[in-house]
Amino acid sequence: MTDWAIAVTPPRWRRWLLAETPHSRLQARLSRTYLSWVTFARNPLAMLGLIIVGILVFLALFAPWIAPHNPIAGDLGNRLQPPGESHWLGTDQQGRDIWSRIIFGSRTTLLIIFMVAITAAPVGIAIGATAGYLGGKTEAILMRLTDAFLAFPKLVLALAFAAALGPGIENAVLAIALTSWPPYARIARAETLTVRSTDFVAAARLSGASDLRILIGHIMPMCMPSLIVRVSLDMAGVILIAAGLGFLGLGVAPPQPEWGAMVSEGRTQILEQWWVCTYPGVAIFVVSLGFNLIGDGLRDVLDPREG
Amino acid sequence: MDKDPILEVEKLNIRFNTPVGEVHAVRDVSFTMGREKLAIVGESGSGKSQTGRAILGLTPGKVTAQKLAFHGQSLLGLAEQQWRRIRGKRIAMVMQDPKYSLNPVMTIGDQLLEAARDIKEGAAARQHALGMLAAVRIRDPERVFRAWPHELSGGMGQRAMIAMMLMAEPELLIADEPTSALDVTVRLQVLAILDDLVKTRHMGLIFISHDLNLVRTFCDRALVMYAGQVLEKLTASELTEAKHPYTRGLLACPPEIDHRRSRLPVLQRDPSWMEPVGS
Amino acid sequence: MTQPMIEIEDLSISFGLGKDRVDAVKNVSFTVAPGESYGLVGESGSGKSTILRALAGLNPFWSGHMAITGQKLGAKRPRALRRLVQMVFQDPFGSLHPKHTVDRILSEPLTIHGFDDVETRVRAALDRVGLGPVFRFRYPHQLSGGQRQRVAIARALILEPKVVLLDEPTSALDVSIQAEVLNLLTDLRQQLGLTYVLVSHDLGVVAHMCSRLSIMRTGEVVETASADELSEGRLLHAYSRQLLIASRGYDTAAIAAFGDF
């Protein structure tokens, strides 16, 4: 590109971030992050996704202060109230406020997403990058293992694990994580295969770097962008599987609010008292959409294929 | 060279929006060309490639111009449908690397036929395609016609690419560093083909290159670009008599085989070269 | 005779097995004296870069004899021997890790080899290639092609090697930048007493940089000449002569006379 730009003078903090000559490691890193952010923020849909997820995090953090009612204690006199003044989104068959349950349910959803992301992604990248870099027998064994996991439909496998481990949020996370890592391993391996033959990896080998150093310091950072994109796109799927497990009674233990379980509880009255299962369903839909939009936006920022 | 120009460009400007501000990549470029070999030379970032792309409406930047006319027809603000009648048919473009320009899942023959779809069909088109492959001096046109892109060497791929671009018999060919990825001998053979086509088919050729020595020996005229502007317009063979210090500097830089120096002269860039060229 | 810096005898390199076997380099021999700059010239597929990678230890599939400062090279190289041979790659965009700052690129080799004055050495390395401290915390994408190649040279020199392998070090650069980088390489060789092996398709660059050269075609050396013989046009082999003519520019008559090799 052209090396001279005609720009309007930006404020000082922005000049510091956009400096051509960073003076420290920190400034270099922050400035890089800031440029990515500017690109991301230019995409209105991605910003919408970020706002949705931001609201989710906010609700989860401040649930006790935001929720107008107790999400667990029922009021049998108030069963199946339609949406109205005191219960914005109505009440369920045990007289619990649906809006409050959705707010508290966001904690469960967020927890599951977070736990799955921090367990499945590292496992996937470690297996995939190692297989791709070392090749040979190691690769054959690791990738056949991955294929074996991939051969099962995700939901069925998660169901089997959850059924075997018993209901509960930890087991749900474990079941989902166990079924989520194989695609990450495949992506990491594919990225590694292209990175492994680059000149910068050759240069690292010439400088005497060990295989482990090259894997962790040189190859894995190159796998991260596509992995982050994939994980954020997968979050919608994780929410749906978590909801599916909850729907089938294999997720969170009953009185705790969970969106999938809420839909399940309301399905018998779907025609007469539509709000009982519709609103948690809408919550699942909106949050899934939010993560998808973020994932698309991140892809534009982190994974631009035009080099 | 006949009188009426193929292409007229007057005060062409291209701007890009980037997170760090607007970049004015091409500034007030003007030239007129007929059936000749016109070179646009310059270093990376000089705006030479963007200028070539703007003629085909392919630059991602914002294009403005007082005039951008092809055979008198304005190319400014054409609808996508109108572009389709020009791109690849009346004006064609050859890129630097055939690897990225040939479709890997189509045989060379199918791609050639596809390129001429609106002009010829059936056996006539096939004949035309084989003739084109022969014209770019591919020795066994039948084999190459059936070949897949990955089966061809770089030089062969580039020749097939040129054949494809010529299928529709364009009146203007824009070649952006068409031979930089090729070995020296193959490079010259490909240039000889282009030279032939300009002479026999009365085509105009815009040759975008950084190689002054090649331009000097191959082209008719040369525009020297720097920082988005045309600094100098020269007859290519008189390139060595260039006036502008930038052109002279560029000519002196490359190491020469028969004239060895202990150190190479280094181009001293003068900030005044960035100033708008006085009209 | 003094001990040659690099000895290569009967070097053959092949890839693949059975009928897919490709002999990329066939029985190549040459020696390079300490402080000399040796050129390998040829078109694509001539095997010139393959030799360089084998010499650097990046390609284990070779047979024959290779030695650096008299130490025979085997399948595994001790770290100390590895340090002696460093390389500058062709593509300045692909040879620097896009997510590492210049600082990390230069300090990592030092950390690996246990140097304790990393800070001073990184600064000195940047100075040596004419970049200065302002470039230290930049990422490769914030550098021009020439600046990247300077960083690559600084990285190659930071472990104080004796041999630097240059794989088309300037073919991706503009001519004005090429002149600066070639001058820098010339100076560094004199200051540090380095030995170069330069691979290039550009006869001009080789004539400028090297005292002797081998012209290669399809894995074999067709001719070995001195730089004087090259610049005076005293080449013997028809292929070498054709390369020489082709580098002089476009000439219809000469092209018509080209043979097929």
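Rules and cut-offs
Residues numbered from 1 in each chain as written. Chains lettered and ligands numbered in written order. Predicted model: local features only at pLDDT ≥ 70, side-chain atom pairs only at ≥ 80, totals over all residues. Heavy atoms only, no water. Salt bridge = Lys/Arg side-chain N within 4 Å of Asp/Glu carboxyl O. Helix = DSSP H or I, 4+ residues; strand = E, 2+ residues; numbered from the N terminus. Buried < 20%, exposed > 50% of the residue type's maximum accessible area, 1.4 Å probe, protein only. Pairing = 2+ DSSP bridges. Contact = heavy atoms within 4.5 Å. Buried area = accessible area lost by both parts, 1.4 Å probe. Polar contact = N/O pair within 3.5 Å; in protein donor to acceptor, adjacent residues only side chain to side chain. Nonpolar A, V, L, I, M, F, W, Y, C, P; charged D, E, K, R; others polar. Expected span 1.5 Å × (residues − 1). Axes fitted to C-alpha atoms, helices over the stretch in contact; angles between N-to-C directions.

Caption draft 1: Molecular detail of the pattern of salt bridges. Overall, the coordinates contain 38 salt bridges over all chains when judged by the stated rule. Measuring nitrogen to oxygen at the nearest pair gives 2.9 Å for the salt bridge that ties E36(B) to R221(B). Within this pair, whereas E36(B) is found in the loop between β2 (21-33) and β3 (37-41), its partner R221(B) is found in strand β10 (residues 221-226), the two being separated by 185 residues in sequence. What makes R221(B) partly exposed here is its relative accessible area of 26%. D195(B) serves as the salt-bridge partner of K37(B), at 2.7 Å between the closest nitrogen and oxygen. Here the residue K37(B) occupies a position in strand β3, and D195(B) occupies one in helix α8 (residues 184-201), the gap between them amounting to 158 residues. A relative accessible area of 3% means that D195(B) is categorised as buried. In this structure, a network of salt bridges that share partners links the residues D92(A), R96(A), R101(A) and E265(A).

Caption draft 2: Structural context of the sheet that holds strand β2 (residues 22-32) of chain C. All names here are of chain C. The four strands lie next to each other as β2-β1-β4-β5, forming an open sheet whose pairing is antiparallel. The strands lining the two open edges of the sheet, one partner per strand, are β2 and β5 (71-72). Inspection of the sheet shows strand β4 (residues 62-68) paired to β5 by two bridges, in the antiparallel sense. Looking at β5, one finds that I68 is bridged to Q71.

Caption draft 3: Fine view of the interface of chain C and chain B. At the junction of the two partners, chain C supplies 34 residues and chain B supplies 31 residues. Of the roughly 3,000 Å² buried at the junction of chain C and chain B (both faces included), carbon and sulfur atoms supply 56%. Where chain C meets chain B, there are three salt bridges. For the salt bridge of R248(C) with D258(B), the shortest nitrogen-to-oxygen distance reads 2.8 Å. Counting across the interface, chain C meets chain B through 13 residue pairs in polar contact (both at pLDDT 80 or more). At the level of secondary structure, the elements contributing two or more residues to the side of chain C that touches chain B comprise α6 (175-192), α7 (203-209), α8 (227-231) and α9 (238-246) of chain C. At 10 residues, α6(C) tops the list of elements feeding residues into the side of chain C that touches chain B. Tallied by class, residues from the side of chain C that touches chain B come to 16 nonpolar, 11 polar and seven charged.

Caption draft 4: Examining helix α2 (residues 25-41) of chain A more closely. All names here are of chain A. With 17 residues, α2 extends 24 Å from end C-alpha to end C-alpha; this agrees with the ideal 24 Å at 1.5 Å per step. Restricting attention to buried positions, one finds in α2 the residues Q27, A28, S31, Y34, V38 and F40. Summarising the contacts, the buried residues of α2 are in contact with α1 (12-17), α3 (44-61) and α12 (275-302).

Caption draft 5: Quick look at the sheet that holds strand β9 (residues 212-217) of chain C. All names here are of chain C. With mixed pairing, six strands are arranged side by side in an open sheet as β6-β7-β8-β3-β9-β10. Each edge of the sheet is formed by a strand with only one pairing partner; in this case those strands are β6 (85-88) and β10 (220-226). Recorded for the sheet is a direction-independent mean angle of 20° between the axes of neighbouring strands. Taken together, the five bridges between strand β7 (residues 163-167) and strand β8 (residues 195-200) define a ladder with parallel strand orientation. Within β8, the position partnered with V163 by the bridge is T195.

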